[in-house]
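# Structural characterization, general
Below are the chains, spelled out letter by letter.
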Amino acid sequence: MDEHRLIKLKNLQHLKINPYINSFKLSLSINKVISTYQNCSHDDLINKKYKLTVAGRIMAIRSFGKVAFITLKDNSGTIQIYVKSKDLLEVDRQLLDNIEVGDFSAFSGYLFKTKTGELTVYAESVTILTKTLKDLPEKWHGLKDTEKRLRQRYLDILVNNDVKNTFIKRSQIIQLLRKYFIDNNYLEVETPMMQPLPGGATANPFETYHNTLDMKLYLRIAPELYLKRLVIGGFERVFEINRNFRNEGISTRHNPEFTMVEWYTAYCDYYDLMDMTEDLINSISIQLNNKRELIFNENTIDLTPPWPKLSLIDAIKTYTDIPVEDLHSIDKARIIAEHSKIDLEENISLGKITVKIFEKFVEEKLIKPTFIIDYPKDVSPLSKAKENNKDIAERFELYIGGMEIANGFNELNDPLEQKMRFEEQVKNKEDKEVDYDYIRALEYGLPPTAGEGLGIDRLVMLFTNRSSIRDVILFPQLKKEDMGYSD
RNA sequence: GGGCCGUUAGCUCAGGAGGUAGAGCAGCUGCCUUUUAAGCAGCGGGUCGCAGGUUCGAGUCCUGCACGGCUCACCA
């Protein structure tokens, strides 16, 4: 705590002023005041003497002894208050002596314009709403220390306007996404965050435990298998916007909990999904920024459809010098991967090696929106294989700004095939658990369905031009802070 | 987990080659009735991330640790 603030708090208490007022209701936002009276002339304002009350946090005090100018900020904007001490009651004068930058206060008075033409409240009375015990970050340089910004995000959004705007934009993007699905007859659903078997993706799950059920549970790594159960039940179009949890590394593109929108559409295929994805992202861009382009990491990215579709192999051919013929043989592919310093686990499949090569050399080059298609079946355990090529899945991934943004495919709905693939998957694992409940559901019949997941955090990164996922998540995961003492 | 960089006053930052810590803003005391990074004069404020070590002497050099950033690995 800052000593001088404690002294002022005590002063207020001696004056019998409650520094944490029990109730205060405000009818007028600062922005409303400004937009209503901005265009009135000074004389007009003085003649009409509009009485009003504004409230907010004090951001600056410019004191001249007998008068002072105060900058007051609320969620909508800032306004200037003019205080002339001889126009105030004694009690208000004393109160004002103990009000500092950072405190929440309300000022009542009437409007006028200063010499410089700024709309200002001529204060006739003042109320303290909340006394603050800590100094705010410095008014000019603001708050830069990354750690403090992330740990104390309230300060970050309070003093860094661009940060505040980033999170407002995030909220708008999610609203637009939701509206898009609702408008297209999708049903919004919520499926379990705690699952007895973590499925729908390959990633390390977080484990937890239910005492009464005496049962291990996992935080979900994907909602996929539950959403498809709903399609089986007859909800032909479902979507879910929610968190997934993956117990993996943390980086500028990975947070342990991240937000995805995942949706499933019966009677459509993955080409329809690609069209829809183009339309969805364009629609968000237009409603958000009124244009079909965005700037990300100094690249101007045109979103106008159609976006190129490139097979995984062709992408490697186009963006690297790797002889792609060699990617048909696991031994040759292995050699290429080893030369490229790619870690190869035991029993790695040819498809997985190909994907690793793609991720290492191609992914970062896919700045313009690009669909990568024709993924190997063995890295796509939930996708349908092509009719004319059983090694290739009917699947795509969308890349923008060098990041994977979305992943979609035709859903494998052959229960016997799915069972085989699940069992194949766990063959070399210690944990041999297979989601037979999902197989049973498939046996009741999943209509031809295409499904897609889109990473919302990364989408927000694109639309707000932030290169770190921590800049678009309000409270990203950090190590525990050593708080020392109470401070 | 590996590599590189960072951590100094409430905030933003200086502290050449080791000699006992500085500025601006914020705070406090004056002066000041239209300022807006108000101004002028003065004052107070530091476990230099933590713990060791080298040295007569460490913010500065060495080692370990903590936290953060970037990056590689794993992943989306």
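Source: prediction; values computed, not measured.

With 66 residues, the main nonpolar core has Ile372, Ile405 and Leu459 as its most contacted residues. Other than its neighbours up to four places away in sequence, Leu459 contacts Ile173, Ile405 and Leu454. In terms of nonpolar packing, the next biggest core, distinct from the first, is built from 19 residues, Leu72, Ile99, Ala123 and Ile128 among them.

A separate point is the pairing of strand S11 (residues 257–266). When a strand is regular, its side chains alternate between the sheet's two faces. With respect to burial, S11 is a largely interior element, seven of its 10 residues being buried. Note: S11 against strand S18 (residues 449–455), seven bridges, orientation antiparallel. Bridge pairing links Met260 to Gly455 in S18.

Time to look at the protein's contact with RNA strand B. The full set close to RNA strand B counts 55 residues, and Gly65, Phe69, Thr114, Thr116 and Gly249 are the nearest of them. Secondary structure elements with two or more residues in the surface near RNA strand B: strand S1 (51–63), strand S2 (67–73), strand S3 (78–84) and helix H5 (146–151). For the surface near RNA strand B, a count of residues per class yields 16 nonpolar, 17 polar and 22 charged.

Quick look at the sheet that holds strand S5 (residues 119–130) now. Taken in spatial order, the five strands close into a barrel running S1-S2-S3-S5-S4, and their pairing is mixed. For this sheet, the mean angle separating the axes of adjacent strands, direction not counted, is 55°. Relative to S2, S1 runs antiparallel, the two being bridged by six bridges. Residue Ser63 lies in a different strand from S2, and its bridge partner there is Ala68. Contacts from helix H4 (residues 90–97) reach S3 and S5, with the element oriented near 75° to S5.

Before going further, it helps to examine the pairing of S5. Relative to S5, S3 runs parallel, the two being bridged by three bridges. Looking across to S5, one finds that Ile81 is bridged to Val121. Taking the residues that link successive antiparallel strands as the turn, the strand S4 (residues 104–113)-S5 hairpin has five residues, and the phi of Gly117 there is positive, at about 85°.

Split by domain assignment, chain A resolves into domain 1 (3–136) and domain 2 (158–320 + 362–471). Taken over C-alpha atoms, the centre of domain 1 sits 49 Å from the centre of domain 2.

Ordered in space as S7-S9-S8, the three strands form an open sheet in which the pairing is antiparallel. Pairing within the sheet leaves two strands with one partner each, and these edge strands are strand S7 (194–195) and strand S8 (207–210). Two strands pair when backbone bridges link them, and S7 and strand S9 (residues 215–219) are joined in this way by two bridges, in the antiparallel orientation. Paired with Gln195 across the two strands is Tyr218, which belongs to S9.

Another aspect to go through is the confidence of the model for chain A. Overall, the prediction assigns chain A a mean pLDDT of 91, with 98% of residues at 70 or greater. With a pTM of 0.93, the predicted complex shows an ipTM of 0.86.

About the thresholds
Residues numbered from 1 in each chain as written. Chains lettered and ligands numbered in written order. Predicted model: local features only at pLDDT ≥ 70, side-chain atom pairs only at ≥ 80, totals over all residues. Core = buried A, V, L, I, M, F, W, Y, C linked by C-beta atoms within 7 Å. Buried ≥ 20, exposed ≤ 12 C-beta atoms within 10 Å, placed from the backbone. Contact = placed C-beta atoms within 7 Å. Helix = DSSP H or I, 4+ residues; strand = E, 2+ residues; numbered from the N terminus. Pairing = 2+ DSSP bridges. Near = placed C-beta within 6 Å. Nonpolar A, V, L, I, M, F, W, Y, C, P; charged D, E, K, R; others polar. Axes fitted to C-alpha atoms, helices over the stretch in contact; angles between N-to-C directions. Domains from an automatic or database assignment. pLDDT = per-residue confidence, 0-100.

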